[in-house]
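Residue-level listing of the chains:
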Amino acid sequence: MLKTGLTGGIGSGKSEVSKRLAARGAVVIDADRIAREVVEPGTPGLARVVGVFGDEVLRPDGSLNREKLGSIVFADSERLAALNAIVHPLVGERVAELQSRAADDAITVYDVPLLAENNLAPMYDVVVVVDASDETRIRRLAEHRGMPAADAEARIAAQASREDRLAVADIVISNEGTLDELDARVDEVWEELTRRAARG
């Protein structure tokens, strides 16, 4: 099994790359999606989050108000650390469970937003970084998510720098252009991963 870590800053297009790798046959384990699952209504994870952050992080229907929680934790590193201490172990358990189900010869892609921040590169055989300039990312966040520039800049500032991310990369996917260009680059990367997997 080839364990591939896939990362990229917010707005870099990491999700697009993840989707394309899955379409080519990768077993994609999406840490963000799992992080949402472990705090769904009725889960012990959500109960712990409410225990630490209070009922104001809940929507009227009892689900987690991620925007409200985000505005609290992204402005305060101690509160962010408290949230991570709840969510990360739960995500880790679920990832291990999914990993145990993948075939022995699978190319497993772990979609991990905070790979560089949490020094997780040594856990993977290959680290793929999706890279785009801050200007491009801010523009995308405004266009696709309606995020004000100041919020986009704060999110980017809360994550690892481009330099830190690129420093842990084995393979870089530059994503400044069109989706067709991205497709072509993902094809090249998939061939490289397939070669590495075959070498064992």
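The structure this text deals with has already been given above.
Report on the accompanying structure. Throughout this description, residue numbers start from 1 for each chain and increase along the sequence as written. Local features in this predicted model are restricted to residues of pLDDT 70 or higher, and side-chain atom pairs are both shown and tallied only at a pLDDT of 80 or more, whereas totals for entire chains, interfaces and linings draw on every residue. Side-chain numbers here rest on the full set of heavy atoms in the structure, without hydrogens or water.

## Quick word on helix α6 (residues 134-145)
By definition, any uninterrupted DSSP run of H or I lasting at least four residues is a helix, any uninterrupted run of E lasting at least two residues is a strand, and each is numbered from the N terminus. Under the convention used throughout, the expected extent of a helix is 1.5 Å for every residue step, that is, one less than its residue count. Between its first and last C-alpha, α6 extends 16 Å over 12 residues, near the 16 Å set by a 1.5 Å rise per residue. Taken together, the buried positions of α6 are T136, R137, I138, R140 and L141. Buried residues along α6 sit against α7 (149-158) and α8 (162-167). Downstream of α6 by a residue or two, G146 has a phi angle that is positive, lying close to 65 degrees. The cut-offs for exposure are 20% and 50% of the maximum accessible area for each residue type, with area from a 1.4 Å probe on protein chains only; residues under the lower value are buried, those over the upper are exposed, and the others partly exposed. Residues are treated as being in contact if the distance between any of their heavy atoms lies within 4.5 Å.

## Overview of the nonpolar core
Among the buried residues, those of types Ala, Val, Leu, Ile, Met, Phe, Trp, Tyr and Cys that are joined through side-chain atoms within 4.5 Å form a nonpolar core. With 29 residues, the main nonpolar core has V49, F53, L69, V87 and V91 as its most contacted residues. Counting only elements with at least two residues in this core, the list comes to α2 (31-37), α3 (44-53), α4 (66-73), α5 (77-101) and β4 (126-131). The leading source of residues in this core is α5, at six residues. With near-sequence residues (within four places) excluded, L69 lies in contact with V49, F53, V57, L64 and L83.

## Let's talk about the sheet that holds strand β2 (residues 27-30)
Only strands joined by at least two bridges in the DSSP assignment are considered to pair. Within the open sheet, the five strands sit side by side as β2-β3-β1-β4-β5. Their pairing is parallel. Each edge of the open sheet is held by one strand with a lone partner, namely β2 and β5 (171-174). Shown here is a sheet whose adjacent strand axes are inclined to one another by a mean of 20 degrees, direction ignored. Note that β2 and strand β3 (residues 107-111) share four bridges and pair parallel. Residue pairing in the sheet places V27 in a bridge with T108 of β3. Helix α1 (residues 14-23) contacts β1 (2-7), β2, β3, β4 and β5 of the sheet and is inclined by roughly 150 degrees relative to β1. Most of the contacts of helix α9 (residues 179-199) go to β5, to which it runs at about 170 degrees, and overall it touches β1, β3, β4 and β5. Each axis is a line fitted through C-alpha atoms, taken for helices only over the stretch in contact, and angles between the N-to-C directions span 0 to 180 degrees.

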